[in-house]
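If you want the building blocks of each chain, they are given just below.
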Amino acid sequence: MSISDDPKRIVERGYDAIADRFAEWARNEVTGSPAIEYLERLLALLPPGADVLELGCGNGEPAARMLAAEHRYTGVDISSEQLRRARALVPTGAFVKADYTKLEQPASCVDAVVALYTFGHVPREELPGLYERIASWLRPGGHLLATAGGRRDDPDNVEEDWLGAPMFFSGFDMETSLRLLAEAGLEVLEHELICQDEGEHGEACFLWVLARRVAQLS
């Protein structure tokens, strides 16, 4: 499979195909992820009954399960099989099958957006516009919890066998990611580069960001 194939279709087909393997891998082989810790930090910042949108919700673990327990939660994913699993795990949540880079949302409609381990599957030239749209969806003072590019610049590429299927990856280095978020109108409150052991795939490093929409977008 070449990079000329539609990256979104590569991601969709890939996550449909590897659903079982991905769930097992994430549960048993990936160590050092701070996802639960960061989700708890976000939960402490949200008002009661907040509106929360998750991009790339996957099978619902752990973000959908944690967020829907206390808030009005909507998860978006491109994979039908991942969404099927998320709906079964989190019956109180609302789920939408979509390419979230094309998602239409009203301005100032949510209190938080969550996007964990998903921006790396978006062609990086689309990220600046996506960050701007996310900022517009947030209510003033609303929060974004996300992972973004890590240690190095990572142009678009396809890994031919990622957990058993081709998978598309892309991203910017940490400094560029932070600059693009700021330019989109998102004030970064916390950020850190965290590396985790991904078993057979070795070490992977991600920029973890907790940001807030500035009061007035330009």
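Residues numbered from 1 in each chain as written. Predicted model: local features only at pLDDT ≥ 70, side-chain atom pairs only at ≥ 80, totals over all residues. Heavy atoms only, no water.

Some points on the overall build of the protein
Summing up its helical and strand segments, the protein has seven helices and 10 strands in all. Computed over the C-alpha atoms, the radius of gyration of the protein is 16 Å, within 12% of the 17 Å expected from 2.2 N^0.38 for a compact globule of 218 residues. C-alpha atoms of the protein, sized along the principal axes, occupy 45 × 35 × 30 Å. For the protein, buried positions account for 54% of its 218 residues. Long-range pairs, those at least 24 residues apart, make up 68% of the contacts in the protein with a sequence separation of at least 6. Counting only carbon and sulfur atoms, one obtains 51% of the accessible surface of the protein, whose full area is about 9700 Å². Here the protein contributes 21 positively and 37 negatively charged side chains, and the mean placements of these two sets differ by 5 Å. (Helix = DSSP H or I, 4+ residues; strand = E, 2+ residues; numbered from the N terminus. Rg over C-alpha atoms; globule rule 2.2 N^0.38 Å. Buried < 20%, exposed > 50% of the residue type's maximum accessible area, 1.4 Å probe, protein only. Contact = heavy atoms within 4.5 Å. Areas by Shrake-Rupley, 256 points an atom, 1.4 Å probe, with all protein chains shown as cover. Lys, Arg positive; Asp, Glu negative; His and termini not counted. Charge placed at Lys NZ, Arg CZ, Asp CG, Glu CD.)

Quick word on the state of the cysteines
Two cysteines, two sulfur atoms, one covalent bond between them: this is a disulfide. Applying the stated criterion to the full structure yields one disulfide. Disulfide pairing places Cys195 opposite Cys205 at an S-S distance of 2.0 Å. Measuring the twist about the S-S bond at about 100°, one finds the Cys195-Cys205 disulfide to be right-handed. Taken together, the positions of Cys195 in strand S9 (residues 186–198) and Cys205 in strand S10 (residues 203–213) put the pair 10 residues apart, joining distant regions of the chain. Cys195 sits in the partly exposed class, given a relative accessible area of 26%. The exposure class assigned to Cys205 is buried, which follows from its relative accessible area of 17%. (Disulfide = S-S within 2.5 Å.)

Quick word on the pairing of S9
Examined bridge by bridge, strand S1 (residues 30–31) and S9 share two bridges and lie antiparallel to one another. Bridging across to S9, Thr31 finds its partner in Asp197. Relative to S10, S9 runs antiparallel, the two sharing 11 bridges. Within S10, the position partnered with Glu192 by the bridge is Trp208. The turn joining S9 and S10, which pair antiparallel and follow one another in sequence, is formed by four residues; a positive phi near 60° is taken by Gly199. (Pairing = 2+ DSSP bridges.)

Describing unusual backbone geometry
Residue Pro62 follows Glu61 across a cis peptide bond; omega there is -10°. Even without being a glycine, Ser108 presents a positive backbone phi close to 55°. Take Ser108: it is sitting in the loop between strand S4 (94–97) and strand S5 (110–115). The backbone of Tyr117 shows a phi angle near 55°, a positive value even though the residue is not glycine. On the secondary structure map, Tyr117 appears in the loop between S5 and helix H6 (127–137).

Some words on the pairing of strand S8 (residues 165–171)
Across the seven residues of S8, six count as buried, placing the element largely inside the fold. With antiparallel pairing between neighbouring strands as the criterion, strand S7 (residues 154–162) and S8 make up a hairpin whose turn holds two residues, including Leu163 at a positive phi of roughly 60°.

Observations regarding the nonpolar core
Leu55, Phe119, Ile134 and Leu144 are the most contacted members of the largest nonpolar core, which has 32 residues in total. When residues of this core are assigned to their parent elements, the largest contribution, six residues, is made by H6. For Leu144, the contacting residues outside a window of four places in its chain are Val113, Ile134, Leu138, Leu181, Leu186, Val209, Leu210 and Ala211. Grouped together as the second largest cluster of nonpolar side chains are 28 residues, Leu42, Ala50, Ala64 and Val90 included. (Core = buried A, V, L, I, M, F, W, Y, C linked by side-chain atoms within 4.5 Å.)

On their own, these measurements won't tell you what the molecule is for.
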